[in-house]
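Here is what each chain is made of, one letter per residue.
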Amino acid sequence: MDPYKVLGVDRNADEETIKKAYRELVKKYHPDKYVNNPLADLAAEKIKEINKAYDMIMNKQSSGGSYSGNTSSGGYTGASSGGYTGGSASFEAVRSLITQGRVNEAAAMLNSLPRTAEWYYLSGRVRMQMGWYDQALSFFQTAVNMEPNNAEYVEALQNLRSRRQDYTNSTQGGGMCMPCDPCTMCMCLQCCTPWCDPC
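Residues numbered from 1 in each chain as written. Predicted model: local features only at pLDDT ≥ 70, side-chain atom pairs only at ≥ 80, totals over all residues. Heavy atoms only, no water.

## Here's the deal with the overall build of the protein chain
Moving on, step 1. Counting its regular elements, the protein chain contains nine helices and zero strands.
Moving on, step 2. Walking the protein chain from its N terminus toward its C terminus, one meets helices and strands in the order α-α-α-α-α-α-α-α-α.
Moving on, step 3. By the burial criterion, 41% of the 199 residues in the protein chain qualify as buried.
Moving on, step 4. Surface summary for the protein chain: the accessible area is close to 11,100 Å², and the carbon and sulfur share equals 52%. (Helix = DSSP H or I, 4+ residues; strand = E, 2+ residues; numbered from the N terminus. Buried < 20%, exposed > 50% of the residue type's maximum accessible area, 1.4 Å probe, protein only. Areas by Shrake-Rupley, 256 points an atom, 1.4 Å probe, with all protein chains shown as cover.)

## Focus: helix H6 (residues 117-130)
Moving on, step 1. Given a rise of 1.5 Å per residue, 14 residues ought to cover 20 Å, and the 20 Å separating the end C-alpha atoms of H6 matches this to within 8%.
Moving on, step 2. Inspection of H6 places Ala117, Glu118, Trp119, Tyr120, Tyr121, Leu122, Ser123, Gly124, Val126 and Arg127 among the buried residues, and these make up the whole buried set.
Moving on, step 3. Looking at the residues trailing H6, positive phi occurs at glycine 131, about 90 degrees. (Expected span 1.5 Å × (residues − 1).)

## A word on the confidence of the model for the protein chain
Moving on, step 1. In the predicted model, the protein chain carries a mean pLDDT of 73, and 68% of its residues have values of at least 70.
Moving on, step 2. Mean pLDDT values for the elements of the protein chain range from 45 in helix H9 (residues 182-192) up to 92 in helix H7 (residues 133-146).
Moving on, step 3. Confidence over residues 174-199 falls short of pLDDT 50; this stretch has 29 contacts with residues more than four positions distant or in other chains. (pLDDT = per-residue confidence, 0-100. Contact = heavy atoms within 4.5 Å.)

## As for the layout of surface pockets
Moving on, step 1. Within this model, the largest pocket holds a volume of roughly 590 Å³.
Moving on, step 2. Residue lining of the largest pocket: 27 residues in total, with Ile47, Lys48, Asn104, Ala107 and Met130 positioned closest to the centre.
Moving on, step 3. Every element with two or more residues in the lining of the largest pocket is listed here: helix H3 (40-62), helix H5 (103-110) and H6.
Moving on, step 4. At nine residues, H3 tops the list of elements feeding residues into the lining of the largest pocket.
Moving on, step 5. Its residues placed into classes, the lining of the largest pocket shows 12 nonpolar, seven polar and eight charged. (1 Å grid on protein atoms, 1.4 Å probe; cavity = no way out; pocket = protein on both sides within 12 Å on 5 of 7 lines; lining within 4 Å. Points joined across faces, edges and corners; volume = space filled by probe spheres on them. Nonpolar A, V, L, I, M, F, W, Y, C, P; charged D, E, K, R; others polar.)

## What about the pattern of salt bridges?
Moving on, step 1. Applying the stated criterion to the full structure yields nine salt bridges.
Moving on, step 2. The residue arginine 23 makes a salt bridge to glutamate 16 at a minimum N-O spacing of 3.8 Å.
Moving on, step 3. Its salt-bridge partner being glutamate 49, residue lysine 46 comes within 3.4 Å of it at the nearest N-O pair. Taken together, the residues span about one helical turn, with lysine 46 and glutamate 49 both in helix H3 at a distance of three residues.
Moving on, step 4. Classification of lysine 46 as partly exposed rests on a relative accessible area of 24%.
Moving on, step 5. Here glutamate 49 falls in the partly exposed class, since its relative accessible area comes to 29%. (Salt bridge = Lys/Arg side-chain N within 4 Å of Asp/Glu carboxyl O.)

So, in structure tokens, the structure goes:
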């Protein structure tokens, strides 16, 4: 994949031009515009491609590519009402988007931030809300490896491991529950909707 072609920019484009092209494409293919639309899956794939292309260019930049600048100040700043228009990407903004359930925007914003322990932790939270538990577990583990004394990261990792173990045990008949009983159904609902009270 040629990231410059995906973003529609010249290889010699400056950082601001690249960021502008990225933001415009994210706005164009934002999932909010494709709700109940048969093109939703295509738009989601296009967003992934756009994010990957932007990430590739920004990584090249941070490792001594053809342009200079701080990667933490760029990236997606919001396309829908209430977004972070005009502001800079930050971990605090990502946390806010996750809390609001705007995980696609949070994921896009994370692509413009440095790969710190906080980045891996928040990426894990995004994957959790998307239902990608294996990826979430991997991200949480990396965050804990980078900052083993951070209680928030450790708790997230332990909770996800525990939840996965409980689910595995119940679906394999390891406990009192059978795979189709109400307790297991509630546990599945709790995975999808964290506000559901456990049985």
